[in-house]
Each structure stands twice: as structure tokens, then as C-alpha cells.
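# Survey of secondary and tertiary structure
Letter by letter, the chains look like this.
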Amino acid sequence: MLNTSEHPWKLVGPWYRPSSLGGYAVTKTALNRFSAPIIQKYADANFANNLVNEPQHSLRFNSEDFVQPFSGDPNQVITPIERAQSHTPLKLYLDTHSRFYVVVCELHCDVAGFPQVERNKVCEAGFVVRRRVPVITPELKGKVETLLQQRSQLQNDLNKVNMQVKTAQLQESQRSSDISGLLKTKSARLFSGLQSGTAEKLTEKLQDTNGQLDQLSQSGDIKIELQGWKSSDLKGVGNWLPIEETPEQITEQVIPMYPLIADPTNPNHSANGKTLWFGVIPTSLADVDSNNNPRFDDADLYEIRCFVRRHHSQFPIQKNHADCCGDVIWSEATEGYQIAAHFDLDGTSHRPVNIKLPDLPAIRNQVNNAPAGRGASARIIAPAESSLNFATDSMDMPQGGEPLTRAGQQICFFSIFLFFIVAMFLFRLFLPILLFIFNLWFLLKLKFCIPPSFQFDAGLVGSLNFDGSFGADFNASIDAHVELMTEFTADLAVQVAIEGPDLEAKFNQPNFSITVNKGKDNEKTYVDEGVLANDLGLMIANGINASDDMRADIKNGGDSPGLSSLSLNELAGIFIAMQTEYQDVKHPELAGILPTPDSGLVYFEKVELNKEAA
């Protein structure tokens, strides 16, 4: 080992992974001199022990791990090459989302051969979390906000078109010998070409928008301010204040880093012969600033810088490392990241929650065979003038001063599940009202029922012109029509899923149509997108638990916009989601996959020194 006491040091990423998304391991001829510390992802609360046992054993980053997803599949692994095509930042999930993160770095002596620094030469190691915020002059604020919204919309549209192109190309690759298959292949090829041209136009507009923002930044109209978190005298309170990139005196809050020491019994341990450090990245803290704003939120862009402090050569090494007065060596900043919102859909999918409604028949039997008051485990105590009593036919809280109460105090016992039953009843009662009043129809895609939740009646059968009269045996005829209706909606959902996701563009193609089976020797063909949109709206409204009058308002609109205000593509997306099958799958095109705790968990393959990483 060279004497590194007077040589410059360099704090870089670990030898086995030059970036958070992977790449190539360091070889003897390609030393990792210029990399930044990396972020490693885990899905187990025992991640620290896993890291110490084998530093390389961490999860790869998927499409869902970015603010702007790379594809419609949230579990698609993103490679460094794909990452280089987009500047969207990483998205780190909360610990309540079952995701945990560490930052890992490696210390070298910056001389020929790039040797490791002996760990006892370091008297302090840590990292700081910083954020970069734009500082905009008031007169340009409106223009910048418009450009940022335009950029976000263009990026979303471009991502959507690129996914549509991939879908069309996949359909084109699945060649078929029959006439229907050949027509679909030709349609997919034509659609792919049209959407590719759209993607080029969107890319040009996106580049132009980015160019305008870059011009404002270069002219000094937009300044990016680097801020660090500085604690106050009150625990848990601090403020984001301007900070230098690599200060010698560290005044911001430091998060400690810990040495990654190789297991002496494991000669193949990735930390063997290396000076590695790691620290746990905080994603949710109770800290607030002086205005009670949270320290971390989902709107800001954060980054991490690691540092080590060199032991001062004029002082003896002490076991407690209290002699930290040497030079500070800073790493490069990690790539930027944002923190997921608490109700982020991908994040909440990582940890499914099971809620089972009370079994009312079983509870009825228990109540009939139990003494009065059995199971009333919730003791509700109402202070004076706080019981909110009203006429409920002897269901009021008892009057103050009665037995078992203090003066002015009322006590009543309830079974805890009664609160849940009432809450569930109100939820189901007000959900369609909420969707209708605030035009939140997209939320229907967040409700999955097993089996699907469609309910068909005579009114819907008649509205869709389901052929034939009801006949003399009304009930039997209705049952037969409803059975055909079930087959019809499933077939329609299959066809919509196959031809999607951009049905509006498909209907603009010459001679395009969707043919759906309505029963034996009976079909319905859609050649007009307006007719299809009307039928989809009818079936979606029928699938919502509401009165007949409210279903009519939901379909056509009343005081608030109804389903008729949605585009065909939006209606198709909701309809497919409501028809998705999660059990006893009869239609592969409608097969849904509910997230499980191990969905999308793909680990990096371990690499050996002098070998390329996977």
C-alpha cells in the first residue's frame, strides 16, 4: 500500500457499478476515476444486513422508478442506454411503500494505479442531501410556468405515442395466415408509421421547448440555486438555505456513513480489499422548516454528495475519531431524484392491504348466542355538550349524570366493526356522486372487482338495441338477453383492447371497423366512433352502483359533465379496466395481474473484478 498521507484522495462510485442503473464493472485498464456515488434500491426492511453480506445484491431500477415512466409496463428494467435517452429524474419511494435506498461510495488515492486508501486514515464519513430550486424573476414567472407545463405535456404525449408504436410493432410481428390476421398486420404497420411521424413532431416541439428554457437559463433569467438543510436550535426544525458545492466547513446537517467491511471468511466478498462506505437515504422525515413546511416533498429535485474527512497528519490517530480537523474530500453529486407522493399508485401497489368486511350472518349467530353487550369493545366517551345527539329512536348517548358517568359526561359502547360498516356504506353511496360532481371518471380505473362488477338489466339491453323482443316470458327472456349481453361486453372489451390504445386514430383510417359477436349468427359492427363511444358510456354507467336516474345523468351529464364529455380513448380505457379479469381468465386479452410483494423485483447479477457487469 502506498503512503497516501500527502496524496490527493478521490471519492467515487463503487468498483462494481459505475452508475445506479448498472453498466460495466471496473477493470485494471478502465479505472472508475470519474463516477459519482450510486444509489442502491431494496424492497426488504432488512436491507442493511443484506448489503453488508453482499454489497452488490440490490434491485435493478424499473420504469416505475422514474418520474416520467419509460413504458406502460412499470416492471420493465431500464438499462443505462435507455436511461441516457431521457433526463427524467429517479423517483424514490417511501419506506411505507416497502422501498429502501442506500448511497454507496469508494475511496481512492488519486495517483497512478488508483490505489485504495486505508480506512484508518479517515476520521469522518457522511453525506448531505441537497436540493436545486429555480429562482425566477417575477415578470418571467408566468412564461416559465407555461413552458414547464408545455414540456411536461409534450413529454407525456411523446411517452404515450412511443408506447403505442411499440404496441403496433408487436402486433405487426405477430403475423397470421388468415385474412383477419393479415388485415390487422397491415393496419398495425400503417398505424405504426403514422404514430412514428407523430413522435418525430412531438420530439421537435419538445426540443424547441427545452431550447427556450435553456436560453432563459443561459441568459441569467432563470438561476438554479443549490440549497442545503441547516438545523435550528429546535430539534426537528431547520431551513433550506443557499450552500456552496464543496465547502471546507460543513454547516448543513450531515447523515452518517458506515464502512462496508468484507466478511473475512468470504474471499469473494465485494468489499474485500476495498474502502467502501454506505449511508441510508432518508425519504420521509418529521423535520419541518420554520414555516411548518416538510423537509422533503414530492415537488423538489434532490441530490446527494458524500464526503470523507482526512485525518490530520499532525495529530495522533485516536480510537474515538474525535480528531476530525483535516481536509474534506467531496464526491461528485449523485443523479437527481424526486420523492414519491404518499398516495403514489406505483408505491402503494408495492404493499397490498387486505380488508375483509364483517361476516354478517356469522355475527348474527354470535349476537343471538351471546349476552347483551358482548363485542361492544369501543368505549365512546362524550364530554359535556359534545355528544351530537339527535332523534334516533333510543339510540342516543345516555344523559349526563346517569349511572357509570361523571357529571356532564356520557358513555356508550359500540362494536368496532359497526364504524367500519357505516363507513363502507357511505363510501359506496357517495363514490358515484363524487365521480359525477367533480368529473373524476378516471378513478373508475382504480376499482377492480373479482369477478368484474358489471350488472346488466333490461334497460341497458334495450338501449344497445340488443336484437329481439322480450316475448311473453319476460323474466326468462331477460335472463337470456343478459347472458348474451355478458358475452357481448367481453367480446367488445377484447376487440377494443386489441385495437387500442388510440381508437380515435384507428377510426380515422379508411375502412376501419370493429365487429363484435352478439350471440349465435348475430354481430354488431361499429364503423363510427360516436356510436361506439355512446355504447361504452352506457355500459360504464350501468356498471356503477347508482340509481337509474343517476346513471342517466352519469351517461349524459346533468349539472356536471358526464361520461359524454370523455374522449373515445378515455372511455375505452375505463371500459377495459372494468372488464379486466383477475380470476378464471376466459379472455387472455383482458387478463389482469394484481401486484404482489415481489412484482418487478429483479436483482443485479454479481460481477467479479475484471469482468463486465450484466
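Model, not experiment: these values are computed from the prediction.

## So, the overall build of the protein
Counting its regular elements, the protein contains 13 helices and 18 strands. When each of the 614 residues of the protein is scored for burial, the buried share is 41%. Considering only contacts within the protein whose residues lie at least 6 apart along the sequence, 70% involve residues at least 24 apart. Accessible area of the protein: about 34000 Å², with a carbon and sulfur share of 54%.

## Quick word on the pairing of strand S2 (residues 38–42)
Across the five residues that make up S2, a large majority, five, are buried. Side chains Ile38, Gln40 and Tyr42 project from S2 onto one buried face, and the interleaved Ile39 and Lys41 project onto a second face that is buried too.

## Observations regarding the pairing of strand S7 (residues 237–242)
Pairing between strand S6 (residues 222–231) and S7: five bridges, direction antiparallel. Along S7, the bridge assignment pairs lysine 230 with asparagine 239. Between the antiparallel neighbours S6 and S7 lie five residues, among them glycine 236 with a positive phi of about 85°. Looking at chain direction, S7 and strand S11 (residues 288–289) are connected through two bridges and run parallel. Its bridge partner being in S11, valine 237 is matched across the sheet by valine 288.

## Details of the pattern of salt bridges
If you walk through the whole model with that rule in mind, you get 14 salt bridges. For aspartate 110, the salt bridge identified is with arginine 33, shortest N-O distance 2.7 Å. In this pair, aspartate 110 sits in the loop between strand S4 (100–109) and strand S5 (122–136) while arginine 33 sits in the loop between strand S1 (9–12) and S2, placing the two residues 77 residues apart along the sequence. Assessed through its relative accessible area of 29%, aspartate 110 is described here as partly exposed. When the shortest N-O distance is used, the salt bridge between lysine 91 and aspartate 344 registers 3.0 Å. Of the two residues, lysine 91 sits in strand S3 (residues 90–92) while aspartate 344 sits in the loop between strand S14 (337–339) and helix H5 (345–349), which places them 253 residues apart along the sequence.

## Examining helix H13 (residues 568–579)
Taking 1.5 Å per residue, twelve residues should reach 16 Å; H13 reaches 16 Å between its end C-alpha atoms and fits that length. Counted residue by residue, H13 has nine buried out of twelve residues, so it is predominantly covered.

## Regarding the environment of isoleucine 421
Mapped onto the fold, isoleucine 421 is located in helix H7 (residues 416–438). When the C-alpha positions of isoleucine 421 and proline 358 are compared, they lie 7.8 Å apart, and in sequence the two are 63 residues distant. Look past the residues within four positions of isoleucine 421 in its chain and what remains in contact with it is Pro358 and Leu360.

## Observations regarding the confidence of the model for the protein
Chain-level statistics for the protein give a pLDDT mean of 80 and a share of 77% at 70 or above. Mean pLDDT values over the elements of the protein span from 56, in helix H8 (residues 458–463), up to 98, in S2. Across residues 179–191, where pLDDT falls below 50, the model places 24 contacts with residues more than four positions away in sequence or in other chains. The low-confidence segment residues 468–472, where pLDDT is below 50, has eight contacts with residues more than four positions distant or belonging to other chains.

## A few points about unusual backbone geometry
Negative phi characterises most residues that are not glycine, and trans characterises most peptide bonds. Here the phi dihedral of serine 98 falls at roughly 65°; this positive angle occurs in a residue that is not glycine. If you trace the backbone, serine 98 turns up in the loop between S3 and S4. In this structure, asparagine 511 takes a positive phi of about 65° despite not being glycine. In this structure, asparagine 511 sits in the loop between helix H10 (503–507) and strand S17 (514–519).

## So, the packing of aromatic side chains
Summed over the entire model, instances satisfying the criterion amount to 13 aromatic pairs. Between tyrosine 42 and phenylalanine 47, the ring centres sit 6.0 Å apart and the planes meet at 35°, which makes this aromatic pair tilted. Owing to a relative accessible area of 3%, tyrosine 42 belongs among the buried residues under this scheme. Here phenylalanine 47 falls in the buried class, since its relative accessible area comes to 10%. The aromatic ring of phenylalanine 604 is capped on one face by arginine 17, whose charged end is 3.7 Å from the ring centroid. Over the ring of tryptophan 277 we find arginine 119, and its NZ or CZ is 5.2 Å from the ring centre.

Each value, and the rule that gives it
- Residues numbered from 1 in each chain as written.
- Predicted model: local features only at pLDDT ≥ 70, side-chain atom pairs only at ≥ 80, totals over all residues.
- Heavy atoms only, no water.
- Helix = DSSP H or I, 4+ residues; strand = E, 2+ residues; numbered from the N terminus.
- Buried < 20%, exposed > 50% of the residue type's maximum accessible area, 1.4 Å probe, protein only.
- Contact = heavy atoms within 4.5 Å.
- Areas by Shrake-Rupley, 256 points an atom, 1.4 Å probe, with all protein chains shown as cover.
- Pairing = 2+ DSSP bridges.
- Salt bridge = Lys/Arg side-chain N within 4 Å of Asp/Glu carboxyl O.
- Expected span 1.5 Å × (residues − 1).
- pLDDT = per-residue confidence, 0-100.
- Phe/Tyr/Trp six-rings, centres within 6.5 Å; stacked < 30°, edge-to-face > 60°.
- Lys NZ or Arg CZ within 6 Å of the ring centre and 35° of its normal.

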